[in-house]
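Chain and residue survey
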Amino acid sequence: MTSEITDTLADAQTNTRVNLIGLTREALAEAMAGIGEKPFRAKQLWHWMYYRGATDFAAMTDLSKTLRTKLEDRFVVARPKTAREQTSSDGTRKWLFEFTDGQKAETVFIPDDDRGTVCISSQVGCTLTCRFCHTGTQRLVRNLTPAEIVGQFLAARDSYGEWPTPMDERRMLSNVVLMGMGEPLYNFDNVAAAMRIVMADDGIALSRRRITLSTSGVVPEIHRCGKELNVNLAISLHAPDDDTRNVIMPINKKYPLKELIQACRDYPGASNARRITFEYVMLKGLNDTPAHARALIKLVKGLPCKFNLIPFNPWPGTPYECSDADTIHEFAEIIWNAGLSAPIRTPRGRDILAACGQLKTDSEKLSARERRLQAEKAWAEKEAVV
């Protein structure tokens, strides 16, 4: 029995109401078995949670009243709490979600004419300290759980009333990008569990082609992501050489460009139809010269890819400036003339600090003493159950 299932059943037995959101199908079935119900109940619950978006057992009308009462006594179907919601003048919406331990993360919805993208966080804070990123100034607090990751998407759909799940391509919330707070490949197990729920064809049913995972370059986990999820891959590149990238992205010292680009070449499914995206923040005087553009072309030669040029989004205290508009356009033209796509991203949500690289919350890293006390408490609770 997996630890996930064991923990779920133990909580149910000690009369602590457990959140069913985020559980695998197997864990959900065993949770039902733990209260004396048949496995098919898990299928019914899955339908209500992920197709209809129900958050109240009373709404699950094909379940008996007795069963609904039993479920209500032991479980919940919960979203993160919305601590703050802001809508930009350009239609971008940002939520500050608060989790049960009081920690917070931000989620952004970006509407476009032909799609709507939900930018999801995978950690509270970040461990990477990329110099140009506001999130990188917030120390890592913890990884988010599968329930907290998928819960962000569910809460976003709640906000727009997009239930039951549209079964055609006319969805408002049609795409997911794991580009919010944190490095998703440093929390891969939980991210993968959440995305499998999002992709399940009898629930939310988003195609893997509509999910993009963005990484700063955790090379070993890129291989694993391709093998286990095979969603679209985006790389936070931001420099064409190790010397520059070492300065603005310390992770490059551990996984230099040669290793990173090879991992991209080896990524399953990479083709002209599914190109890898290289995100490139334009930083004035640092990475924006014609020589940098030509170096990028050489770096990715023969690799099915495209560039996403991002005008730097300022945040309080940043030491960087955005490249001039003419500089960005010249940079894009050089790449375009080499046969590579290099659109310039239109900044969205700047007025509410919802643009790329601007996300940050007031959550702080737990002290060593706090982490030790939490671990001791968890151990004591586990021993009490046993």
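Just so we're clear, the structure is a prediction, and the values are computed from it rather than from any experiment. (Residues numbered from 1 in each chain as written. Predicted model: local features only at pLDDT ≥ 70, side-chain atom pairs only at ≥ 80, totals over all residues. Heavy atoms only, no water.)

For the rest of this paragraph, the subject is the overall build of the chain. A tally of regular secondary structure across the chain gives twelve helices and 13 strands. Within the chain, the fraction of its 386 residues that count as buried is 52%. In the structure as shown, the chain presents an accessible area of about 17900 Å², 50% of it carried by carbon and sulfur atoms. (Helix = DSSP H or I, 4+ residues; strand = E, 2+ residues; numbered from the N terminus. Buried < 20%, exposed > 50% of the residue type's maximum accessible area, 1.4 Å probe, protein only. Areas by Shrake-Rupley, 256 points an atom, 1.4 Å probe, with all protein chains shown as cover.)

The subject of this paragraph is the confidence of the model for the chain. Of the residues in the chain, 85% reach a pLDDT of 70 or more, and the chain-wide mean stands at 88. A low-confidence stretch, residues 5–15 (pLDDT under 50), is modelled with 18 contacts involving residues beyond four sequence positions or located in other chains. Here residues 364–368 is a poorly scored stretch, pLDDT under 50, and it has twelve contacts once near neighbours within four places are set aside; other chains count. (pLDDT = per-residue confidence, 0-100. Contact = heavy atoms within 4.5 Å.)

Turning our attention to the pairing of strand E4 (residues 93–98). In terms of residue burial, E4 counts as a mostly covered element, since five of its six residues are buried. Pairing of strand E3 (residues 81–87) with E4, which is carried by six bridges, proceeds in the antiparallel orientation. When the sheet's bridge partners are listed, Arg 84 is paired in E4 with Leu 96. Adjacent in sequence and paired antiparallel, E3 and E4 are bridged by five residues, among which Gly 91 carries a positive phi angle near 95 degrees. In this structure, E4 lies alongside strand E5 (residues 104–111), joined through six bridges in antiparallel fashion. For Glu 98, the partnering residue across the bridge sits in E5 and is Lys 104. The hairpin formed by E4 and E5 contains five residues between the paired strands, and Gly 102 there has a positive phi angle of roughly 90 degrees. (Pairing = 2+ DSSP bridges.)

The tally for this structure, following the rule as stated, stands at seven aromatic pairs. Considering the side-chain rings of Trp 95 and Tyr 160, the 6.4 Å spacing of their centres and the 85 degrees angle between planes classify their relative orientation as edge-to-face. Here the residue Trp 95 occupies a position in strand E4, and Tyr 160 occupies one in helix H5 (residues 146–160), the gap between them amounting to 65 residues. Looking at Tyr 160, the relative accessible area reads 23%, which means it is partly exposed. Connected via pairs of aromatic rings, a cluster forms that spans Trp 95, Phe 97, Phe 109 and Tyr 160. Geometry around Trp 46 places Arg 25 over its ring, the cationic atom sitting 4.3 Å from the centre. Positioned above the aromatic ring of Trp 163 is the side chain of Arg 157, whose terminal nitrogen or guanidinium carbon lies 4.1 Å from the ring centre. (Phe/Tyr/Trp six-rings, centres within 6.5 Å; stacked < 30°, edge-to-face > 60°. Lys NZ or Arg CZ within 6 Å of the ring centre and 35° of its normal.)

Take helix H10 (residues 290–299) next. Among the residues of H10, His 292, Ala 293, Leu 296 and Leu 299 are the ones counted as buried. The buried side chains of H10 occupy one side of the element, clustering within an arc of 120 degrees when seen end-on. Exposed residues pointing more than 90 degrees away from the buried face of H10 are listed as Arg 294 and Lys 298. Among the structural elements, helix H8 (242–248), helix H9 (257–265), strand E12 (276–282), strand E13 (305–311) and helix H11 (325–337) are those in contact with the buried residues of H10. (Arc of directions from axis to C-beta.)

Attention now moves to the pattern of salt bridges. Here the structure, examined in full by the defined rule, presents 17 salt bridges. Note that Asp 202 is salt-bridged to Arg 25, the shortest N-O span being 2.7 Å. Pair noted here: Asp 202 is in the loop between helix H6 (188–199) and strand E10 (211–215) and Arg 25 is in helix H2 (residues 25–34), with a separation of 177 residues, a long-range link. On the basis of relative accessible area, Asp 202 is assigned to the partly exposed category, the value being 30%. Take Arg 25: its relative accessible area is 37%, and that puts it in the partly exposed class. Each of the salt bridges in this network shares a partner with another, and the network as a whole consists of Asp 189, Arg 196, Glu 221, Arg 224 and Glu 228. (Salt bridge = Lys/Arg side-chain N within 4 Å of Asp/Glu carboxyl O.)

A few words now on the sheet that holds E12. Across the sheet, nine strands lie side by side as E3-E4-E5-E6-E9-E10-E11-E12-E13; this open sheet has mixed pairing. Of all the strands in the sheet, just E3 and E13 have a single pairing partner and so form its edges. Strand-to-strand twist in this sheet, taken as the mean axis angle between neighbours without regard to direction, amounts to 20 degrees. Summarising the sheet, strand E11 (residues 232–236) and E12 pair through three bridges and their orientation is parallel. Bridge assignment links Ala 234 to a residue of E12, and that residue is Thr 277. Packing against the sheet, H11 makes contact with E12 and E13, and its axis sits at approximately 175 degrees to E13. (Axes fitted to C-alpha atoms, helices over the stretch in contact; angles between N-to-C directions.)

Along the chain, Trp 163 connects to Pro 164 via a cis peptide bond; the corresponding omega equals -5 degrees. The phi torsion at Ala 205 lies on the positive side, around 60 degrees, for a residue other than glycine. A positive phi angle is found at Asn 230, which is not glycine, with a value near 55 degrees. Tracing the chain through its elements places Asn 230 in the loop between helix H7 (219–228) and E11. What makes Asn 230 buried here is its relative accessible area of 19%.

For the rest of this paragraph, the subject is the pairing of E5. Most of E5 sits inside the fold, with six of its eight residues counted as buried. As defined by bridge partners, E5 adjoins strand E6 (residues 116–119) across four bridges and the pair is classed as antiparallel. Bridge pairing links Ile 110 to Thr 117 in E6. Counted between consecutive antiparallel strands, the loop separating E5 from E6 contains four residues.

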